Amino acid sequence: MKFKGIKQISQALHSKDISVQELHDIYANRQKQSAKQLNCLINRTPQLAQQQIVAAQALIDSHQGSILTGIPLVHKDLFCTKDINTTCGSRMLENFVAPYDATIVDNLNAVGMVTLAKANMDEFAMGSSNENSYFGAVKNPWDLSRVSGGSSGGSAAVVAAGLAPIATGSDTGGSIRQPAALCGITGIKPSYGRASRYGMVAFASSLDQAGVLARSAEDCAYVLSQMCGYDAKDSTSAQVDKEDFSQNLQQSIKRMKVGIIREWMDGLSAGIKAVTEQAIQKLQDLGAELVEVELPTAHLAVSAYYVIAPAECSSNLSRFDGIRYGHQCQNPKDLNDLYVRSRTEGFGEEVKRRIMVGTWALSTGFYDAYYLKAQKIRRLIAEDFNQAFAQVDIIAAPVSPEVAFKFNAKKDPVSMYQEDIYTVPSSLAGLPCMSIPIGMVDNLPVGLQLIGHNLQESVLLNIAHQYQQDTNWHSQVAEGYHE
Amino acid sequence: MLINRKEVEQIAVLANLSVSEADIDAIANSLDSVVEMINHINEVNTDNIKPMANPMDAVQRLRADVVTETSNKDKLLSMANHADEDYYLVPTVVE
């Protein structure tokens with residue numbers, strides 16, 4: 001039986017062509033075959049899956065199931081899953097068993113989705129290559145000698161290799177979009193505040209957003225609709241009505257205005273530029289109108305982001321004291337030794353670097369010059385986007401300046417941070433954005449970033465779905481991983 | 001250099017991290033390269049621009065002061081490395 005997307009899988013479940021158990025077994029077997037090779041999972045969750053399979057089948061049998069009931073998924077390992085390890089890719093949380101479910105996990109459990117495993121990730125979601133995971137780097141299914149992107153690299157590899165149709169992810173400065181692009185799948189980060197941050201281990205609280213990775217925009221729409229919604233447990237949750245993001249998928253995109261940032265396009269390598277221009281041409285063929293827009297302050301986004309995100313990281317990660325939970329050093333000689341050695345042993349190199357940059361930016365004498373200054377740049381960037389969205393419905397842009405790179409290719413932090421050049425501007429502005437696969441360069445996938453105005457997820461998903469109705473890039477599968 | 005050895009030591013103290021003598025120069029160099037990149041934010045005049053702390057410019061919401069959660073004390077204490085009855089255990093602070 002060949003599956004295409006959630007709709008087809010769900011129809012098969014509801015018409016009893018396949019049981020929830022049989023469906024689960026297909027993916028569990030695929031995980032057994034390939035997960036080790038890709039190193040994309042940290043823990044499998046067979047006991048939880050068994051309970052959820054029984055519950056999901058009961059919902060379907062009593063005709064109470066939804067389109068998501070019985071659909072298997074993998075959660076990025078920064079979402080708390082009750083009574084199950086939640087490591088955040090860190091030695092600090094290697095043995096941490098979450099005491100409750102994250103709200104987004106709760107929301108997906110509520111409709112009977114089946115959790116197969118927890119996905120590998122850069123430690124505390126800090127990284128663009130997954131090389132910062134305590135549990136080792138994730139390999140890209142398209143070329144095992146290359147990175148899967150990060151920080152949701154495990155989630156992206158899971159979907160690209162067909163080990164689950166859906167994976168959750170989180171995106172602070174590009175952590176869903178960049179791995180989705182590098183692994184040739186679709187990924188969406190909603191507007192800041194749409195998805196609850198309750199139970200999502202915090203990295204940079206004013207930027208962190210949960211989202212979805214899947215093969216198609218249509219599948220993203222179904223899952224994102226169920227994942228999002230106001231949550232009183234998250235004080236930054238947006239007080240907006242729940243939306244069905246799939247409702248506009250079929251609309252024509254004729255006369256939709258698509259913004260292009262010429263400066264970004266001109267900065268691309270020839271191969272990626274050609275593929276990106278082809279994709280934009282396709283949007284035009286589908287009836288969209290192209291409009292050039294400018295984001296005059298966006299070139300400072302990486303600099304501002306690497307002040308704000310580390311500052312918030314240093315504050316958030318101060319909670320790890322080695323006492324209440326998390327790694328504790330052996331034989332501390334006093335309380336201060338316990339704090340310092342537990343943290344020094346528990347955190348990896350990149351996490352410590354960001355804690356130190358953030359601590360420095362927030363320290364006496366630097367707060368105004370760096371932290372407040374970066375927040376002012378953030379406002380200028382948000383205003384640039386507001387002006388652009390007065391002229392266009394969405395912006396089409398590159399995701400990453402390059403395709404998946406080799407392991408250890410970027411050893412200095414600044415060259416790694418430049419990976420985020422096209423993804424952090426929309427993160428700073430809190431806008432919904434996604435990546436869709438649009439072609440190949442050197443046999444490696446390339447993504448197109450779609451950026452929407454605040455709360456315009458359904459517009460993004462509409463244009464992405466229309467593109468995918470007319471192209472096949474989202475159903476491309478790497479050699480050896482065909483379903 | 002914007003960040004030198006002495007500053008790395010000071011930052012480490014503030015962050016409750018320790019830096020070994022063998023690593024200190026490499027860390028100073030890497031932090032220095034990050035700060036050099038960050039310094040580009042000074043290229044733009046931001047006089048009279050209000051800092052943006054939250055992308056939705058949200059203000060902290062208040063809620064009614066009522067109990068919404070049941071006690072999870074035993075479960076939370078069980079996650080600690082060392083606990084005894086109702087207490088977390090740490091090395092002696094006061095002799």
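Residues numbered from 1 in each chain as written. Chains lettered and ligands numbered in written order. Predicted model: local features only at pLDDT ≥ 70, side-chain atom pairs only at ≥ 80, totals over all residues.

J.: Sorry, what's going on with the overall build of chain A here?
T.: When you go through chain A residue by residue, the secondary structure sums to 16 helices and 13 strands. Taken over C-alpha atoms, the radius of gyration comes to 21 Å for chain A, in line with the 23 Å a tight globule of 483 residues would show. Principal axes of the C-alpha set define a box for chain A whose edges measure 65 × 55 × 45 Å. Expressed as a percentage of the 483 residues in chain A, the buried residues total 63%. (Helix = DSSP H or I, 4+ residues; strand = E, 2+ residues; numbered from the N terminus. Rg over C-alpha atoms; globule rule 2.2 N^0.38 Å. Buried ≥ 20, exposed ≤ 12 C-beta atoms within 10 Å, placed from the backbone.)

J.: Just to check I follow, could you spell out the overall build of chain B for this structure?
T.: Scanning chain B from N- to C-terminus turns up three helices and two strands. Each helix and strand of chain B, ordered N terminal to C terminal, gives the series α-α-α-β-β. Against the globule reference of 12 Å for 95 residues, chain B gives a C-alpha radius of gyration of 22 Å, more extended than a compact globule. Overall, the C-alpha framework of chain B stretches about 55 × 45 × 25 Å when taken along its three principal axes. Classification of the 95 residues of chain B by burial places 19% in the buried group.

J.: How do you make sense of helix α16 (residues 457-470) of chain A when you look at a structure like this?
T.: Residue pairs spaced three or four apart in an α-helix point in one direction, given the helix's 3.6 residues per turn. Residue and element names in this part refer to chain A. For α16, with 14 residues, the first-to-last C-alpha span of 20 Å sits near the 20 Å given by 1.5 Å per residue. Among the 14 residues that make up α16, twelve are buried, leaving the element largely enclosed by the rest of the structure. Of all the residues in α16, the buried ones are Glu457, Ser458, Val459, Leu460, Leu461, Asn462, Ile463, Ala464, His465, Gln466, Tyr467 and Gln468. Elements that come into contact with the buried residues of α16 comprise β7 (186-189), α7 (217-227), α9 (270-285), β11 (394-398), β12 (433-441) and β13 (444-452). (Expected span 1.5 Å × (residues − 1). Contact = placed C-beta atoms within 7 Å.)

J.: It is not clear to me how unusual backbone geometry should be interpreted in this structure. Could you clarify?
T.: With glycine set apart, most residues show a phi of negative sign, and most peptide bonds adopt trans. Residues and elements named next belong to chain A. The linkage connecting glycine 150 with the following residue, serine 151, adopts the cis geometry, with an omega of 5°. One can find serine 151 in the loop between β5 (143-147) and α5 (153-160). With phi around 55°, histidine 63 is a residue other than glycine that occupies positive phi space. Residue classification places histidine 63 among the exposed residues on the basis of 7 C-beta atoms within 10 Å.

J.: Would you explain the interface of chain B and chain A in this entry?
T.: Bring the parts together and some accessible area is lost; that lost area is often taken as the interface size. Contacts between the two partners involve 40 residues from chain B, matched on the other side by 54 residues from chain A. Listed by contribution, the elements that provide at least two residues to the side of chain B that touches chain A are α1 (5-14), α2 (24-38) and α3 (73-78) of chain B. Here the element with the most residues in the side of chain B that touches chain A is α2 of chain B; it accounts for six residues.

J.: I keep staring at the sheet that holds strand β10 (residues 289-292) of chain A and nothing clicks. Help me out?
T.: Pairing between sheet strands relies on hydrogen bonds along the backbone, with the strands arranged either parallel or antiparallel. All names here are of chain A. The strand order across the open sheet formed by eleven strands is β1-β3-β2-β6-β8-β7-β12-β13-β11-β9-β10, and the pairing between neighbours is mixed. Each having just a single partner strand, β1 (41-44) and β10 make up the two edges of the open sheet. Between one strand and the next, the sheet's axes are offset by a mean angle of 30°, whatever the strand orientation. With five bridges joining them, β11 and β13 adopt antiparallel strand pairing. By the bridge assignment, proline 398 is partnered in β13 with leucine 448. Where α5 meets the sheet, its contacts fall on β1, β2 (72-76), β3 (114-119), β6 (166-171), β7 and β8 (209-214), and the angle it forms with β6 comes to roughly 155°. (Pairing = 2+ DSSP bridges. Axes fitted to C-alpha atoms, helices over the stretch in contact; angles between N-to-C directions.)

J.: Before we go on, may I ask you to explain the pairing of strand β9 (residues 257-260) of chain A in this structure?
T.: Every other side chain in a regular strand lies on the same face of the sheet, so the side chains alternate between the two faces. Across four bridges, β9 of chain A lies against β10 of chain A in parallel orientation. Following the sheet pairing, valine 258 of chain A is matched in β10 of chain A by leucine 290 of chain A.

J.: Is there a simple way to think about the nonpolar core in this case?
T.: Soluble globular proteins: nonpolar side chains tend toward being buried together. Formed by 176 residues in total, the largest nonpolar core has its most connected members in Val158, Ala164, Ala304, Val307, Ile394 and Leu450 of chain A. Each residue touching alanine 164 of chain A, except ones within four places of it in the same chain, is listed here: Tyr27, Pro72, Leu73, Val74, Leu116, Val158 and Val159 of chain A. (Core = buried A, V, L, I, M, F, W, Y, C linked by C-beta atoms within 7 Å.)

J.: How should I be thinking about the packing of α7 of chain A against α16 of chain A in this particular structure?
T.: Residues and elements named next belong to chain A. For the pair α7 and α16, interaxial distance at closest approach is 8 Å and the crossing angle is 150°. The orientation of α7 with respect to α16, classified from their angle, is roughly antiparallel. Contacts between α7 and α16 pair Ala217, Glu218, Cys220, Ala221 and Leu224 from the former with Glu457, Leu461, Ala464, His465 and Gln468 from the latter. Of the residues contributing to the contact of α7 with α16, the split by class is six nonpolar, two polar and two charged. (Parallel < 35°, antiparallel > 145°, perpendicular 65-115°, else oblique. Nonpolar A, V, L, I, M, F, W, Y, C, P; charged D, E, K, R; others polar.)

J.: Hey, could you run me through the environment of tyrosine 87 of chain B in this one?
T.: Residues and elements named next belong to chain B. Along the chain, tyrosine 87 falls in strand β2 (residues 87-88). By the C-beta count within 10 Å, which is 10 here, tyrosine 87 ends up exposed. A sequence separation of 38 residues divides tyrosine 87 from isoleucine 49, and the C-alpha atoms of the two residues are 48 Å apart.

J.: Before we go on, may I ask you to explain the packing of helix α12 (residues 349-362) of chain A against α2 of chain B in this structure?
T.: A packed helix pair is summarised by two numbers, namely the angle formed by the two axes and the spacing between the axes. With their axes 11 Å apart at the nearest point, α12 of chain A and α2 of chain B run at an angle of 55° to one another. The angle between α12 of chain A and α2 of chain B places the two elements in the oblique class. The element α12 of chain A and its partner α2 of chain B pack so that their crossing is right-handed. Residues Arg353, Met356 and Val357 of chain A of α12 of chain A pack against Ser30, Leu31 and Val34 of chain B of α2 of chain B. In terms of residue class, the contact of α12 of chain A with α2 of chain B is built from four nonpolar, one polar and one charged. (Left-handed = near helix turned anticlockwise from the far one by under 90°.)

J.: Before we go on, may I ask you to explain the environment of leucine 48 of chain A in this structure?
T.: All names here are of chain A. Structurally, the position occupied by leucine 48 is in helix α3 (residues 46-61). Its 18 C-beta neighbours within 10 Å are what place leucine 48 among the partly exposed residues. For the pair leucine 48 and leucine 116, spaced 68 residues apart in the sequence, the C-alpha separation amounts to 8.0 Å. Excluding anything up to four places from it in sequence, leucine 48 contacts Ile84 and Thr115.

J.: How should I be thinking about the environment of glutamine 21 of chain A in this particular structure?
T.: Note that glutamine 21 of chain A resides in helix α2 (residues 20-38). Placed 96 residues apart in sequence, glutamine 21 of chain A and alanine 117 of chain A show a C-alpha to C-alpha distance of 15 Å.

J.: Is there a simple way to think about the pairing of β13 of chain A in this case?
T.: All names here are of chain A. For β13, a buried count of nine out of nine residues is recorded, marking the element as mostly surrounded by other parts of the structure. In this sheet, β13 lies alongside β12 in antiparallel orientation, the contact comprising eight bridges. Residue isoleucine 436 lies in a different strand from β13, and its bridge partner there is leucine 448. A loop of two residues connects β12 with β13, the two strands running antiparallel in sequence, and aspartate 442 in this loop sits at a positive phi of about 55°.

J.: Help me out: how do you make sense of the confidence of the model for chain B in this one?
T.: Where the model shows low pLDDT, its predicted coordinates should not be examined in detail. Averaged over every residue, the pLDDT of chain B is 92; residues scoring 70 or more account for 100%. Of the two predicted TM-score estimates for the complex, the pTM is 0.97 and the ipTM is 0.95. (pLDDT = per-residue confidence, 0-100.)

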